[in-house]
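Structural characterization, general
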Amino acid sequence: MIRERAYPVEPWHVRETRLDMDVLAQSESVFALSNGHVGLRGNLDEGEPHGLPGTYLNSFYELRPLPYAEAGFGFPESGQTVVNVTNGKLIRLLVDDEPLDVRYGELLSHERVLDMRDGTLHRSVHWRSPAGREVRVRSTRLVSFRQRAAAAINYEVEVADDKPLRLIIQSELVANETLPPQSKDPRVAAVLESPLLAEEELTTDDGGLLIHRTKVSGLRVAAAMDHEVQTEARTTVESEGYEDWVRTTIACVLKPGETLRVVKYLVYGWSSRRSLPALRDQVGAALAAARLDGWEGLLREQREYLDDFWKSADVLVEGDPEVQQAVRFGLFHVLQAGARAERRPIAAKGLTGPGYDGHAFWDTEMFVLPVLTYTHPPAVRDALYWRHRTLAAAHERARTLNLKGAAFPWRTIEGPESSGYWPAGTAAFHIAADVADAVRRYVLATCDTDVEREIGLELLVETARLWRSLGHHDRHGQFHIDGVTGPDEYTAVKNDNIYTNLMAQRNLISAADAVMRYRDEAFHLGVTDEEAAAWRDAAASMHIPYDEEIDVHEQVEGFTRLQEWEFAETPAEKYPLLLHYPYFDLYRKQVVKQSDLVLAMHWRGDAFTPDQKLRNFLYYERRTVRDSSLSACTQAVLAAEVGYPELAHLYLREAALMDLHDLNENTRDGVHMASLAGAWIALIAGFGGLRDHDGMLSFAPRLSSRLSRLEFSLQWRGMRLRVDVRPHQTTYTLRDGESDDTMDLRHHGERIQLTRAEPVTVPIPQLEVSGPTPEQPPGRGPLLRLPERSP
Ligand code: BGC
């Protein structure tokens, strides 16, 4: 585990001051660079030692068999899995006779810095070879936000002692790297080991290119590199290539005081359709574009792109510097995952690691997109286009399941269901409502009626159709959705999951409303007035399970009468429970993996009274073990809402520091995108109280005692709303947009109209302390405490 304070607390950087081999894989995820299209793990330039080599292209996958001991009708037969493509990060250095390898000789200093304003990863190394020669190496790496196909590395070497030194740089493209075993199943391993078939290799003096194809999915990938060499010393440069690797070798003798500088331009392209010559030309052109900008140009563009992003996305947190750093780190990774994904998915790990096979889940729509909606809406538009592109697969899945409309997959890369486990897979039908809610939120925040007309309407209609066919009216007319799994994966295939029902209810109403706005388009989708009326009817009679006896809502019908989990007899080492107890036992008891009903109280807070929220929160808090990283942020939001700001702060820290502290001990497989997005959600929806239930933004700001200020911006219909929360008052300022623009919002229930003319400052009502102290299952409270106050 990355120990507390592994990275010093700095507002705009994540710095690692010494190389810790024990956490190499985790730091590779933390230091991963991506633009949503290309992703490079933070592997060392020389490739070794590594935790997990990784280079990914969004949606470049291989198909692998999904073996079942006992198969059933409708079980997917193959799944998609992300492929580690050609590694172009490699730059090896020979110092006289010895390869620079930090495991040998002496590592006199080693520092890596992720710069979140520049969008670069810096590394500086001072190394003494076993033969006693010293070099300093500085490298800076970027994956360009502006040039989608391009990455670049600026690599500089200096002699650090007083004698001339012979240096050989070998810069490479390597396909089919050896990876740690990914599956114990030999059938799966057979597909995933050396997944790329060589098609072409080509070298020029300064670089080269490799083209490969996957064996089963038939996708073609091209990687190309080129180099610029600058030095006072005489150099030779030559390149050679073979099936799986291309190498450019740069040799020179460097005198003390001289520098050898190499800029490596690296580009990628992939396609399922384009011919080999077309792909070859594509990467050739991308390389020319990168060289045209040059290293300085790429750096400048990167900074400009990020300045623009931070201008409207930055969050200022005073009182907890760790959270300040972490929320920027989270936003940076969320942007990296979505910025240039361009109608491709945003995976649960982005492009930072192979975790979850590179699949996208509901994490995208319910955690990542809410953040991007208000900070970088174009990425949301693209993500919605991606879901829309997968509609054919979702229709087919629905037909297989004998349902109507669209059954979106629980996990996928390109659209088909890649989950082989029904109870925590397709049964989580709520993903349909999550997609619909992402459409609703995006349209509300942007008024982008083109997108609504072009794809939004169809997504709403097809998901509404799913609910209407999945659910049924009972003999009293009540509408039920039976046999489904909600967000809590320890309660599976049950009737009337409250989150699913409430989100489906909103989905049905949103669809019926959209049909009214786009009558012609709806007609083309075959929607009749009767169908839309049936949606409204189902929504109006949606069953919401409630236990009258103890006055709390039920997460699923009958939940509160299930046997209690024996928390007192569950030792700490038995968590996460799913790895130590059979699912059958988890499924039949009151134990909650992650916020479910509490999540419903966030996104459908309009369906609960304040008293109900408080009682429900306390009840489910005692039963929630947070074996998923998708829980802490929601618990923060509700804790803040029902009057526990100090607890909210602790949950905020857990969500925000999930990867910087490797809290779940699996950051090695990639960062937890939902939890990183959750840091923003915990701050803005928790301490800012942001909600949008009735189509208007409302806030209920209230800070924890540790925070002295929270300032954030939201993009809203072409305007920028700046919210500055202090302990006793909040200032709302409207920026950008037209000079006569106005905006209506609510502050603690009071309506405010903002104009561009002047900010509005309003007091924060005193918190009325109400409920008893919330309790969690023993040992399952928030994972991080508050650090001591600095003197
Ligand atoms: C969670 C899911 C989540 C998935 C991917 C699981 O552990 O229970 O809610 O979608 O991880 O992050």
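Computed from a predicted structure; not experimentally measured.

The rules behind each value
Residues numbered from 1 in each chain as written. Predicted model: local features only at pLDDT ≥ 70, side-chain atom pairs only at ≥ 80, totals over all residues. Heavy atoms only, no water. Pairing = 2+ DSSP bridges. Helix = DSSP H or I, 4+ residues; strand = E, 2+ residues; numbered from the N terminus. Near = heavy atom within 4 Å. Polar contact = N/O pair within 3.5 Å; in protein donor to acceptor, adjacent residues only side chain to side chain. Areas by Shrake-Rupley, 256 points an atom, 1.4 Å probe, with all protein chains shown as cover. Nonpolar A, V, L, I, M, F, W, Y, C, P; charged D, E, K, R; others polar. 1 Å grid on protein atoms, 1.4 Å probe; cavity = no way out; pocket = protein on both sides within 12 Å on 5 of 7 lines; lining within 4 Å. Points joined across faces, edges and corners; volume = space filled by probe spheres on them. Domains from an automatic or database assignment. Buried < 20%, exposed > 50% of the residue type's maximum accessible area, 1.4 Å probe, protein only. UniProt positions renumbered as here; feature names shortened; annotations may be inferred. Contact = heavy atoms within 4.5 Å.

Some details on the sheet that holds strand E17 (residues 235-241)
- Strand order in the open sheet made by the five strands is E8-E7-E13-E18-E17, with antiparallel pairing throughout. Each edge of the sheet is formed by a strand with only one pairing partner; in this case those strands are strand E8 (98-99) and E17.
- One ladder, built from seven bridges, connects E17 with strand E18 (residues 245-254); its direction is antiparallel. The residue bridging Glu 240 from the neighbouring strand is Arg 247, located in E18.

A look at the site of the ligand
- Around the ligand sit Tyr 356, Phe 361, Trp 362, Asp 363, Trp 410, Glu 489, Lys 593, Gln 594, Ser 628 and Leu 630, and those are all the residues in its vicinity.
- Note that an oxygen atom of the ligand is positioned 2.8 Å from one of the side-chain N or O atoms of Tyr 356.
- Within the side chain of Gln 594, a nitrogen or oxygen atom sits 2.5 Å from an oxygen atom of the ligand.
- In the complex, the protein chains occlude 90% of the 310 Å² of accessible area that the ligand would expose alone.
- Of the residues belonging to the shell around the ligand, the class tally is five nonpolar, two polar and three charged.

Points about empty space enclosed by the protein
- Inspection of the entire model under this criterion finds five cavities of 30 Å³ or more.
- Sorting the residues of the lining of the largest cavity by element identifies helix H5 (363-375), helix H14 (597-603) and helix H18 (673-687) as the ones contributing at least two each.
- Top element by residues in the lining of the largest cavity is H18. It accounts for three residues.
- By volume, the second largest cavity is sized at about 90 Å³.
- Lining the second largest cavity are 14 residues, with Ser 59, Val 82, Ala 347, Leu 351 and Gly 358 sitting closest to its centre.
- Tallied by class, residues from the lining of the second largest cavity come to eight nonpolar, six polar and no charged.
- The residue makeup of the lining of the second largest cavity includes at least three contributed by each of domain 1 (13-309) and domain 2 (314-472 + 490-710).

A word on the layout of surface pockets
- Computed from the structure, the second largest pocket encloses a volume of approximately 870 Å³.
- In terms of lining residues, the second largest pocket is bounded by 31 residues, among which Pro 610, Lys 613, Glu 641, Ala 700 and His 748 are the most central.
- Of all elements in the fold, only helix H15 (610-621), helix H16 (632-641), H18 and strand E27 (697-699) reach the threshold of two or more residues within the lining of the second largest pocket.
- The dominant element in the lining of the second largest pocket, judged by the number of residues it contributes, is H15, at four residues.

Focus on unusual backbone geometry
- Omega for the peptide link from Glu 48 to Pro 49 comes to -5 degrees, which places this bond in the cis form.
- For the bond from Tyr 575 to Pro 576, the omega torsion is -5 degrees, close enough to zero to count as cis.
- Along the polypeptide, Pro 576 turns up in the loop between strand E25 (563-564) and helix H13 (583-587).
- Even without glycine at this site, Ser 194 takes up a positive phi of about 45 degrees.
- Within the chain, Asp 736 stands out as a residue other than glycine whose phi angle is a positive 55 degrees.
- Position of Asp 736 among the secondary structure elements: in strand E30 (residues 729-736).
- For Asp 736, a relative accessible area of 34% corresponds to the partly exposed category.

Things to note about the UniProt feature "domain: Glycoside hydrolase family 65 C-terminal" (unreviewed entry) in the protein chain
- UniProt tags residues 690-754 as "domain: Glycoside hydrolase family 65 C-terminal" (unreviewed entry).
- Secondary structure content for residues 690-754 is 0% helix and 57% strand, and the end C-alpha separation is 16 Å.

Describing the environment of Glu 16
- As for its placement among the helices and strands, Glu 16 is situated in strand E1 (residues 13-16).
- Apart from residues no more than four positions distant in its own chain, Glu 16 is found in contact with Tyr 7, Ser 27, Phe 31, His 110, Glu 111 and Arg 112.

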